[in-house]
Amino acid sequence: MHGDFTQTEPGPIVSVTTSAGSVFFDIDIAGPSGTTAESASPYSISFTGAYQLISGAPAVTAGDRIWLDASTNSEGGFAIVVRGLNGGLYSNTTGQTIVSSTADLDTASDGFGIQNAYISQDTYSYLGTISAMTDYTGTANSVGIVGTTATKVYESDSPVFNGRMGLNVIAKPGMNKTAASDYQESIYFVFIPRF
Amino acid sequence: MKSLVPTLKIVIPTFFLVLFGSFLLIYSAHAGTLTNVYIHMSRIKAGLTGAAGQTVEMILAINPSSNISTGGTIVLEFPDAEDATWCRTEGSLTITATATDPAADLSGTGWQIDSALPGTLTGACTQGSGVGTVDKFTISGVGALTAGTTYGVKIGNNLGVIGTAAAAGEHAITVTASQGTTSDSKSFKIDLLTDDAVVITATVSDMATVDCTISANTVNLGTLFPGGTYATGSHTITTSTTSSGYYWAVYGTGDGSTDAGLWKSTATTHLIQSGTTATLDLTNASITGFGMTLSDPDTAGSAVVTTNFVDTTAGTFGTIDRLFAGAKMVLYQNGNQLSGESSTVTYGAKASAAAPAGTYQETVYFVCGGYY
């Protein structure tokens, strides 16, 4: 043995692949039992037939739900926000709007909104959980607003895999709403991963 | 001297090695990673052109890990294969410092905007062209940034028009905040959808209702001759369209205590009572009284005149009772009524030989309602 240094055999190789993160978001329309249902766009929900709205009558929950899939490895989790085109169900024919607001439609005379009905996700120690914002966690006919400015509906503070969320759509036209078949709102969903 | 050579062989290379290493250390200290970043887009649909109804704008939140001097820039770079999609039209962008974004902030963390992006901000979008150049949004005139502070800025359209890539799915974006040799950046992905909207449609129907009308509020039966034949008079009742059906019921007033019927309230008082039987056959010489019939408003339809009040036997009338408690249903329909329909109400009365001369009157109340 000569010199000042010795050398051992190489140690175990540790490798890692980095990427710019992964994100996945999807919208589906299905009934209350559609926890795994997948559907293609365009996405629509109708208050017609058995679910038609009657002026002055109690609130009606649409037969289908809005289902959302979300997965991301972003360190700060994600936010899902909604925004409505009209701020309520608007009729071109009558010019009237069933205005969306955060309200209990059992006591409000008129209104429209969405309500969290389902949340699930994979559970591991390094994953987060999804929570609905307070305005959207009501029961019965309490709904959260779909306004013309963006509002957060769901959030996670950590990465989430296989997140699934379901939203009820509930509406109640007041006695002052004129009959028409073209009340409509477009709800835009935005998924915001936080890296 | 001979002994100095080995020493120099070690010292000189070590000097240059340390010098080079220091250079690297100093240089790398200026190239950091953005500690926190998010982009809150107004729409996440693929293929938005920025035209009316397809407008895209975004709020950017960044938290640098380095202190960055004033006069810097923030640049958003998009994938090379997506040229001219994120920047649909080259030109200036509207840059608005934003102190909060409650829709996207994660409260109490580095993903919560602490402060509006400082500086005299201007923006522009430029398109990539071919391999090696990419679409970029550049924010210039950025003030001094402090490490650990999250800044917010809104990027909107001006002469430059923002869009989204044509394809749905993941898209990598690199955000770089820099000034001089100091540069913090992070690459991450966002997801674009084939469709980002759910369309809610609704049919609103009028509340259930029924309109009921009576053609006349007075009917003169003419002159009744004691012990003579019966007299009649009539009017119509009309029912509007209904969704589930309707009903008509009637009750009288009579003498106010005994029975319904034609009442002579002045002396000598007398009541031509409607009677206790269900019907009156006023063609029978021994029978007197007051009653009514209704015609079927839709012979082939689903409206029904109740049995005692049908008008199919001339001279036979159904009897009525007093007060609301004595109301009798005379006409009903179970089911949708598509158009208004009418029924003729005919009153029949016959006075006994003992009836004193005078004026007789009965007030018949009609009650109409819908089935909902």
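This is a predicted model, so every value here is computed, not measured.

Observations regarding the overall build of chain A
Point 1. Secondary structure summary: chain A contains zero helices and 15 strands in total.
Point 2. Relative to the compact-globule value of 16 Å for 195 residues, chain A shows a C-alpha radius of gyration of 23 Å, a clear excess of over 25%.
Point 3. With the C-alpha coordinates of chain A rotated into their principal frame, the extents come out at 100 × 30 × 25 Å.
Point 4. Taken over 195 residues, chain A has a buried fraction of 47%.
Point 5. Here the contacts in chain A between residues at least 6 apart in sequence split such that 76% fall between residues at least 24 apart.

Section: the interface of chain B and chain A
Point 1. Between chain B and chain A, the contact holds 36 residues from the first and 53 residues from the second.
Point 2. Contributing elements (two or more residues each) for the side of chain B that touches chain A: β2 (36-41), β12 (169-179), β13 (182-192) and β14 (197-205) of chain B.
Point 3. In the side of chain B that touches chain A, the residues fall into 20 nonpolar, eight polar and eight charged.
Point 4. In the sheet, strand β15 (residues 180-193) of chain A pairs with β14(B) via seven bridges, with the strands oriented antiparallel. Residue pairing in the sheet places A:Y188 in a bridge with B:A197 of β14(B).

Description of the nonpolar core
Point 1. A:I80, A:V81 and A:A171 are the most contacted members of the largest nonpolar core, which has 102 residues in total.
Point 2. Excluding residues within four positions of it along the chain, A:I80 makes contact with A:L68, A:A70, A:V153, A:Y154, A:F189 and A:F191.
Point 3. Formed by 31 residues, the second largest nonpolar core is a distinct cluster that contains B:W263, B:V330, B:L331 and B:A349.

Considering the pairing of strand β4 (residues 72-77) of chain B
All names here are of chain B.
Point 1. With five bridges connecting them, β4 and strand β9 (residues 136-142) associate as antiparallel partners. What sits directly across from V75, in β9, is T138.
Point 2. Taken together, the five bridges between β4 and β12 define a ladder with antiparallel strand orientation. Bridge pairing links L76 to V175 in β12.

Scoring rules and cut-offs
- Residues numbered from 1 in each chain as written.
- Chains lettered and ligands numbered in written order.
- Predicted model: local features only at pLDDT ≥ 70, side-chain atom pairs only at ≥ 80, totals over all residues.
- Helix = DSSP H or I, 4+ residues; strand = E, 2+ residues; numbered from the N terminus.
- Rg over C-alpha atoms; globule rule 2.2 N^0.38 Å.
- Buried ≥ 20, exposed ≤ 12 C-beta atoms within 10 Å, placed from the backbone.
- Contact = placed C-beta atoms within 7 Å.
- Nonpolar A, V, L, I, M, F, W, Y, C, P; charged D, E, K, R; others polar.
- Pairing = 2+ DSSP bridges.
- Core = buried A, V, L, I, M, F, W, Y, C linked by C-beta atoms within 7 Å.

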